[in-house]
Amino acid sequence: MDFSTFIKDFFDTYSRQIQLGLPCKIEKFDKEKMRADVQPFMKIKNNMDEEAAYPILSNLPVQFIYAGGFYIRPAYERGDKVWVTFSTFDMSNGLDEYTRAESKKTFSIENACVSGGIASNKFSPPSEFGTEDGLIIGEEGGNSYLVFSDDGITMRFNKGATEIASDSNGIKCDSEVTANYKIMPIALSTHKHIFTGMGSVGTPTS
């Protein structure tokens, strides 16, 4: 073995210990604690060319939008595809909100975090991905979703059959609006306000 091959093999062996990120799938998700168990889509090959699956990474923190007391919480399910990143140093103290010196151990596979969902090459996008512009928050079957555009917010239900739109001109709804529906449902389209000395609003009595 010449020196250049030795250096290359040494670097390859060392660099394999440096974890940057891995595609994984959710095995278990705790929506209250925002922790997840994941299974990497990778296998380890030893010197005998034998392959073994990566271990399940347990109780990983899950990133989400959480700032100034406001949040957007994802709801991962088993089988969801996610991207997992790794910390250079041990992060357990930081998760306990303690400031400590860097750990001596580096690039350890258990110091991981679920950074977000990813689309695999087999991903079938919801139809609204192609028909809507702006930011979309919704359910993949198209049963309900919100569209944030530069001039308003639109809510669509039942695969777009029902729509509620809000912009600078007001709020528009193409279906019935019902108030007090849990106690005494009142349909907006048929409701009339009655006042003493008057009939329906806009129709004075003699």
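Here, every reference points to the structure presented above.
Quick caveat, the model's predicted, so the values are computed rather than measured. Numbering of residues starts from 1 in each chain and follows the order in which that chain's sequence is written. Local features in a predicted model are, by the rule used here, given only for residues with pLDDT of at least 70; side-chain atom pairs are given and counted only at 80 or more, and totals for whole chains, interfaces and linings are based on all residues. Excluded from the side-chain calculation are hydrogens and water; included are all heavy atoms of the structure.

**Here's the deal with the overall build of the chain**
- The secondary structure listing takes helices from DSSP runs of H or I that are at least 4 residues long and strands from runs of E that are at least 2 residues long, numbered from the N terminus. A count of helices and strands for the chain gives three helices and 16 strands.
- Each radius of gyration is computed over the set of C-alpha atoms, and the globule rule expresses the reference value as 2.2 Å times the number of residues to the power 0.38. The C-alpha atoms of the chain give a radius of gyration of 27 Å, which is well past the 17 Å a tight globule of 206 residues would have.
- By principal-axis analysis of the C-alpha atoms, the chain measures approximately 110 × 40 × 30 Å.
- Here the chain holds 206 residues, and the buried ones make up 19% of them.
- By element, 55% of the accessible surface of the chain is carried by carbon and sulfur atoms, the whole surface being about 15,900 Å².
- Computed over 21 positive and 28 negative side-chain charges, the inter-centroid distance for the chain is 5 Å. Accessibility here uses a 1.4 Å probe with only protein chains present; expressed as a share of the type maximum, an area under 20% marks a residue as buried, one over 50% as exposed, and anything in between as partly exposed. Surface accessibility in these figures is a Shrake-Rupley result with a 1.4 Å probe; residues are shielded only by whichever protein chains are displayed. Asp and Glu count as negative and Lys and Arg as positive, but His and the ends of the chain are not part of the count. To locate a charge, take NZ of a lysine, CZ of an arginine, CG of an aspartate or CD of a glutamate.

**Things to note about the sheet that holds strand β2 (residues 35-40)**
- In spatial order, the strands read β5-β2-β1-β8-β9; together these five strands make up an open sheet with antiparallel pairing. The open sheet is flanked by β5 (57-61) and β9 (112-117), the only strands paired with a single partner. Adjacent strand axes in the sheet meet at a mean angle of 50 degrees, parallel and antiparallel pairs treated alike.
- In terms of strand pairing, strand β1 (residues 21-30) meets strand β8 (residues 81-86) through five bridges, oriented antiparallel. Within β8, the residue paired with leucine 22 across the bridge is valine 84. Paired strands, in this sense, are two strands between which DSSP finds at least two bridges. Every axis corresponds to a line fitted to the C-alpha atoms, with the helix fit spanning only the stretch in contact, and the corresponding angles, defined between N-to-C directions, vary from 0 to 180 degrees.

**So, the side chain of glutamate 132**
- Position of glutamate 132 among the secondary structure elements: in the loop between α3 (128-131) and β10 (135-138).
- A relative accessible area of 16% places glutamate 132 in the buried class.
- Within 3.5 Å is the distance limit for a polar contact, defined as a pair of N or O atoms, with the added protein rule that one can donate a hydrogen and the other accept it, and that residues adjacent in sequence qualify only through two side-chain atoms. Here tyrosine 145 takes part through its side chain, which lies 3.1 Å from a polar atom of the side chain of glutamate 132.
- Excluding residues that lie within four positions of it along the chain, glutamate 132 makes contacts with Tyr145, Val147 and Arg156. The contact rule is simple, with two residues in contact once any of their heavy atoms fall within 4.5 Å.

**Comments concerning the packing of aromatic side chains**
- Working definition: rings of Phe, Tyr and Trp (its six-membered ring) pair if their centres are within 6.5 Å, and the pair is stacked with planes under 30 degrees apart, edge-to-face with planes over 60 apart, and tilted otherwise. This structure, assessed with the given rule, holds three aromatic pairs.
- Residues phenylalanine 29 and tyrosine 76 carry aromatic rings whose centres are separated by 5.5 Å and whose planes lie at 85 degrees to one another, so their mutual orientation is edge-to-face. You can see phenylalanine 29 sitting in strand β1 and its partner tyrosine 76 sitting in the loop between β7 (70-72) and β8, a full 47 residues away along the chain.
- Here phenylalanine 29 falls in the buried class, since its relative accessible area comes to 17%.
- With a centroid separation of 6.2 Å and 50 degrees between ring planes, the pair formed by phenylalanine 123 and phenylalanine 129 is classed as tilted.
- Accessibility expressed as a relative area gives 51% for phenylalanine 129, which makes it exposed.

**A short note on the pairing of β8**
- Only one face of β8 is buried, namely the one carrying Val82, Val84 and Phe86, since none of Lys81, Trp83 and Thr85 on the opposite face is buried.
- Strand direction decides the pairing type here: β8 and β9, joined by five bridges, are antiparallel. Among the inter-strand pairings, phenylalanine 86 is bridged to a residue of β9, identified as alanine 112.

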